[in-house]
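Take a look at the letters that make up each chain.
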Amino acid sequence: MSRILVISDIHGNLEALEAVLRDAEAVDQAWCLGDIAGYGPQPNECIARVKGLPELTCMLGNHDYAAISGISLDTFNSDARKALLRQREMLSEESKAFLGERMDKPVERGEVTLVHGSPRDTIWEYIINSIVARENLDHFWTRWCMVGHTHYQAIFQYHDKNDSITLEIPPLNSPYKMVERAILNPGSVGQPRDHDPRAAYAIYDSGENTWEPHRVEYDIHKVQKLIHKNGLPPRHADRLAEGW
Ligand code: ZN
């Protein structure tokens, strides 16, 4: 049995990451579902911190990929594009090497498949509703799949008796019993978009088969100041305070 920290979409927000690690306390393993870089002011520091987590499995996110590759940034909105151009300048060679080694194919860990976007399209697809979730059930072969990318803390729960999927937002700090197949999202550490600005993460207990979502406050003002100081788009500072 293992107590596993599940985090995603840190986006260079070290304050949020440190708050999550303090709140989570000791874990046996850490699963990071990608996007350590993009948007925020401290991608190198976040990468160094994630690297040191116990028994780490870490996926490649779309922002990570865009920051280390020469791909066109045309599909990103203008502020995301500006932030990514800055990330390309900010990232150290060591950080780029780490991101370059991340997995861009689904990874299985016991009864769970890990991806950034979706099992069908690991880097780019957003699982935003139960229709997309339903289609993706045919693309992984474990009981559960854990995804990030949307920055929404949620569970897409499959129900065998009527072959349907429901969107569940289980209560915080209380273990959700994982019985049937499901796609689970821990939310975003560094840039939540569900109008709750607190950093999001989850604890998966692989012995009990439970999923416990958490939120934790951090010093948003400090991060906003660093965003301005580093010449990143001011909009990305504003949004942190409101969680969008
Ligand atoms: Zn992201």
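This text follows the structure it describes.
This one's a predicted model, so the numbers in the text were calculated from it and none came from an experiment.

### A look at the pairing of strand 2 (residues 29-32)
Alternating residues of strand 2 divide into Gln29 and Trp31 and Ala30 and Cys32, and every residue in both groups is buried. Alignment of strand 1 (residues 3-7) against strand 2, held across four bridges, turns out to be parallel. By the bridge assignment, Leu5 is partnered in strand 2 with Ala30. With respect to chirality, the unit in which strand 1 leads through helix 1 (residues 14-24) into the neighbouring parallel strand 2 is right-handed. With three bridges connecting them, strand 2 and strand 3 (residues 56-58) associate as parallel partners. Within strand 3, the position partnered with Ala30 by the bridge is Leu56. A crossover connection joins strand 2 to the parallel strand 3 through helix 2 (residues 43-51); in handedness this β-α-β unit is right-handed.

### Notes on the layout of surface pockets
The calculated volume of the largest pocket comes to roughly 210 Å³. Lining the largest pocket are 16 residues, with Tyr39, His63, Asn77, Tyr126 and Arg193 sitting closest to its centre. Contributions of two or more residues to the lining of the largest pocket are made by helix 3 (62-68) and helix 8 (235-242). Taken together, the residues of the lining of the largest pocket sort by class into five nonpolar, seven polar and four charged.

### Points about empty space enclosed by the protein
Evaluation of the coordinates by the stated rule reveals one cavity of 30 Å³ or more. The calculated volume of the largest cavity comes to roughly 50 Å³. Among the secondary structure elements, those contributing two or more residues to the lining of the largest cavity are helix 7 (220-229) and helix 8. Residue composition of the lining of the largest cavity, by class: five nonpolar, six polar and no charged.

### Brief notes about helix 1
Since there are 3.6 residues in each turn of an α-helix, residues three or four apart along the chain are aligned in direction. With respect to burial, helix 1 is a largely interior element, eight of its eleven residues being buried. Listed in full, the buried residues belonging to helix 1 are Leu14, Glu15, Ala16, Leu17, Ala19, Val20, Leu21 and Ala24. Of the surrounding secondary structure, the elements contacted by the buried residues of helix 1 are strand 1, helix 2, strand 11 (199-205), strand 12 (210-216) and helix 7.

### Digging into the coordination of the zinc ion
Distances from the zinc ion to its protein donors, namely Asp9 (OD), His11 (NE2), Asp35 (OD) and His151 (NE2), fall within the range 2.1 to 2.7 Å. For the zinc ion, the four donor atoms in the first shell make angles of 88 to 174 degrees at the metal, a pattern classed as irregular. The sequence pattern describing where the donors of the zinc ion fall on their chain is D-x1-H-x23-D-x115-H. Note that Asp35 is positioned in the loop between strand 2 and helix 2 and His151 in the loop between strand 6 (144-146) and strand 7 (153-159), a separation of 116 residues in sequence. Owing to a relative accessible area of 1%, Asp35 belongs among the buried residues under this scheme.

Reading the values: rules and limits
Residues numbered from 1 in each chain as written. Predicted model: local features only at pLDDT ≥ 70, side-chain atom pairs only at ≥ 80, totals over all residues. Heavy atoms only, no water. Buried < 20%, exposed > 50% of the residue type's maximum accessible area, 1.4 Å probe, protein only. Helix = DSSP H or I, 4+ residues; strand = E, 2+ residues; numbered from the N terminus. Pairing = 2+ DSSP bridges. Right-handed = clockwise from strand over helix to strand, strands pointing away. 1 Å grid on protein atoms, 1.4 Å probe; cavity = no way out; pocket = protein on both sides within 12 Å on 5 of 7 lines; lining within 4 Å. Points joined across faces, edges and corners; volume = space filled by probe spheres on them. Nonpolar A, V, L, I, M, F, W, Y, C, P; charged D, E, K, R; others polar. Contact = heavy atoms within 4.5 Å. Donors = N, O, S within 2.8 Å, 3.2 Å for Na, K, Ca; no water. Tetrahedral: all angles 85-135°; square planar, octahedral: opposite > 155°, others 65-115°.

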